[in-house]
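# Descriptive analysis of the structure
Residues per chain are reported as follows:
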Amino acid sequence: ASCNSDKNINKNESNSFPVTTVISVDTSIHTEYVTEIQAEQNVEIRARVTGYLEKIYVDEGAHVKENQLLFAINNREYSEEVSKAKAQYKSAAAEVEVAEIELSNTKKLAEKNIVSDTEVLLAKNKLESLKAKKEEAFAHQSYVQIKLSNTEVRAPFSGIINRVPHKIGSLIEEGTLLTTISENDEVFAYFDVSEKEYLSYAKNKDSADVSIVTLILADGSEHSQKGKIETIDGVIDHNTGNIAFRARFKNHNKIIKHGASGKIQLKKKIKNAVLIPQKATFEIQDKLYVYVVNENNIVETRNIKILYRLPHLFIVESGIKPGEKIIYEGIQLVKEGMKIVPEQIEMKKITKKLAAK
C-alpha cells in the first residue's frame, strides 16, 4: 500500500503543468515600413549659358543663404553683346525721333495741299515700322542683359551645397549640372502600405495620435522628432497593391540628409486583442497550435491563426477565445487527451515577466 501511494504521488507530480487563462486587452502595435527620405527642397543648379567656369565661391557641404553667389562663368562675350544691343537700341530710338519729325512736317504740308494724303500715310507707316524696330531692339537688349546676369549663378534658397563636379577652367555648356542644393530643415519620408492597412488607417485617421509616426534611422536609432502623416496618394498601385504615404519630420540638427534610408513605425490600436505567450504554441506542418485544457482538465489540440506577432506574445485572430485555458510551459511533454493537474498562472504576471526581458 505504501508503494502504491508513492507511485500515485509521482504520477500526479509528473502530470502537473503551468496553465494560464487567455485574456483580451486593448493594446497597440507598431508596424514598420521601409522609407525613402527626401529633403523638403532639393534642386539641381544648372548653367543657363555657355562659357568657361571662372570662379567657384562655395565649397561642397557648405551652408549658403538665398541669393548667395555660387559660381561665375566668364562673361566677356556677353558684356560685348550687351554693349552692342544698347547701341542698336539707341540707333533705333533716334530713327523713331527722325520719323516723328518727318511725319509732323508732312502733315503740315498736306494741310497746305503741297503734298497728297498718300505722303502722310507713307510717313505714318514708316514711323510705325521704326517703332517696331525700336521695340525689337529693346527686347534684344533685355535678352542679352539676362544672359549676362546668368553668368553669375546664385542660390535659389538657403540650403546645403552638395558635390561640385566641375572645377575652375572647365568649359560649361548650357544645361550643365553645376551642383545640387538641399534644404533639410524638414524632410519627407515616403513609404508604401497595403490596401488593407490603408483602409484601417483611413477609418481611424481622426484619432489623436494615429497620424503620428516614428522614424528609425539606418543605425537603428530613433529620430528625436516625431513625424506626422500629411498626404496619401490618390491611386493604389495595381502591380503591388500598395499605396504611398508621406510623412513630414522636423530636422533642426540637420542629421538627416536627402536620399537617406530608414524605417517608419506606424502605431495601430487594437481593441480586445486576444493575447497568448509565444512559448505556449508549437508548429506542425506550417500550422500553429496550442494545447487547450477543458473543464475536465483534459488536453485538446487547437489550431490557431495569428494576427500580429509581438515580442514574446501573439495576438490571435481565430482558434481560441478569452477565458479558455492553455498550457503555458512543458508543451513538449503533453499529448492529446492527457489529463493534467493545472497550476494556474495569471496572464498579467506572464506578460509582465515577458516585458522585462
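Values in this document were obtained by computation on a predicted structure and should not be read as measured data. (Residues numbered from 1 in each chain as written. Predicted model: local features only at pLDDT ≥ 70, side-chain atom pairs only at ≥ 80, totals over all residues. Heavy atoms only, no water.)

## Some words on helix H3 (residues 117-149)
Under the 1.5 Å per step criterion, the end-to-end length of H3 is 48 Å for 33 residues, consistent within 8% with the ideal 48 Å. Within H3, burial applies to Val120, Ala123, Leu127, Leu130, Ala137, Gln141 and Val144. In the core, the buried residues of H3 are packed alongside helix H2 (76-111). (Helix = DSSP H or I, 4+ residues; strand = E, 2+ residues; numbered from the N terminus. Expected span 1.5 Å × (residues − 1). Buried < 20%, exposed > 50% of the residue type's maximum accessible area, 1.4 Å probe, protein only. Contact = heavy atoms within 4.5 Å.)

## Some points on the environment of Glu119
With respect to the element layout, Glu119 can be found in helix H3. Overall, the relative accessible area of 40% leaves Glu119 in the partly exposed class. In the structure, Glu119 is positioned 16 residues away from Leu103 in sequence and 9.0 Å away in space, judged by C-alpha atoms.

## Details of the sheet that holds strand S8 (residues 171-172)
Spatially, the four strands line up as an open sheet ordered S6-S5-S3-S8, and their pairing is antiparallel. Only two strands of the sheet have a single partner each, and these edge strands are strand S6 (152-154) and S8. Sheet analysis places strand S3 (residues 51-56) next to S8, joined by two bridges and oriented antiparallel. In the sheet register, Gly51 faces S8, and the bridge partner there is Ile172. (Pairing = 2+ DSSP bridges.)

## Section: the pairing of strand S2 (residues 23-46)
Of the strand pairs in this sheet, S2 and strand S13 (residues 261-277) are connected by 13 bridges, and their pairing is antiparallel. Across the sheet, Thr31 pairs through a bridge with Leu266, a residue of S13. Bridge analysis of S2 against strand S9 (residues 177-194) gives eleven bridges, and the strand direction is antiparallel. If you follow Asn42 over to S9, its bridge partner there is Ser182.

## Remarks on the side chain of Asn150
With respect to the helices and strands, Asn150 occurs in the loop between H3 and S6. Excluding residues that lie within four positions of it along the chain, Asn150 makes contacts with Arg48 and Val49.

## Concerning the packing of aromatic side chains
If you walk through the whole model with that rule in mind, you get eight aromatic pairs. Here Phe188 and Tyr190 contribute two aromatic rings whose centre-to-centre distance is 6.4 Å and whose plane-to-plane angle is 70°, an arrangement assigned as edge-to-face. The rings of Tyr33, Phe191, Tyr198, Tyr201 and Phe245 are connected pair by pair, giving a single aromatic cluster. (Phe/Tyr/Trp six-rings, centres within 6.5 Å; stacked < 30°, edge-to-face > 60°.)

## Focus: the layout of surface pockets
A volume near 380 Å³ is recorded for the largest pocket. Around the largest pocket sit 17 residues that line it, and Ser200, Asn204, Val210, Lys268 and Lys269 are the ones nearest its centre. Looking at the lining of the largest pocket, the element that brings in the most residues is S13, giving six residues. (1 Å grid on protein atoms, 1.4 Å probe; cavity = no way out; pocket = protein on both sides within 12 Å on 5 of 7 lines; lining within 4 Å. Points joined across faces, edges and corners; volume = space filled by probe spheres on them.)

## Observations regarding the pattern of salt bridges
Under the criterion given, the structure shown has 13 salt bridges. The partner of Arg46 in a salt bridge is Glu44, and the shortest N-O contact between them spans 3.0 Å. Note on Arg46: relative accessible area 40%, which makes it partly exposed. Under the relative-accessibility criterion, Glu44 is labelled partly exposed at 47%. Glu186 serves as the salt-bridge partner of Lys250, at 3.1 Å between the closest nitrogen and oxygen. One end of the pair, Lys250, is in strand S12 (residues 242-250); the other, Glu186, is in strand S9, with 64 residues separating them in the sequence. A single salt-bridge network, built from bridges that share partners, covers Glu40, Glu186, Glu230, Arg246, Arg248 and Lys250. (Salt bridge = Lys/Arg side-chain N within 4 Å of Asp/Glu carboxyl O.)

## Quick notes on the confidence of the model for the chain
In the predicted model, the chain carries a mean pLDDT of 89, and 94% of its residues have values of at least 70. Ranking the helices and strands of the chain by mean pLDDT puts strand S5 (residues 69-73) first, with 97, and helix H1 (residues 2-14) last, with 46. Contacts of residues 1-12 to residues separated by more than four positions or lying in other chains number one contact, the stretch itself having pLDDT below 50. (pLDDT = per-residue confidence, 0-100.)

## A few points about the pairing of S13
For strand S10 (residues 212-217) and S13, the ladder comprises five bridges, and the chain directions are antiparallel. In the strand pairing of S13, Leu215 is matched with Ile264. Here S13 pairs with strand S17 (residues 313-318) via four bridges, running antiparallel. Each bridged residue has a counterpart across the sheet, and for Val274 the counterpart in S17 is Val316.

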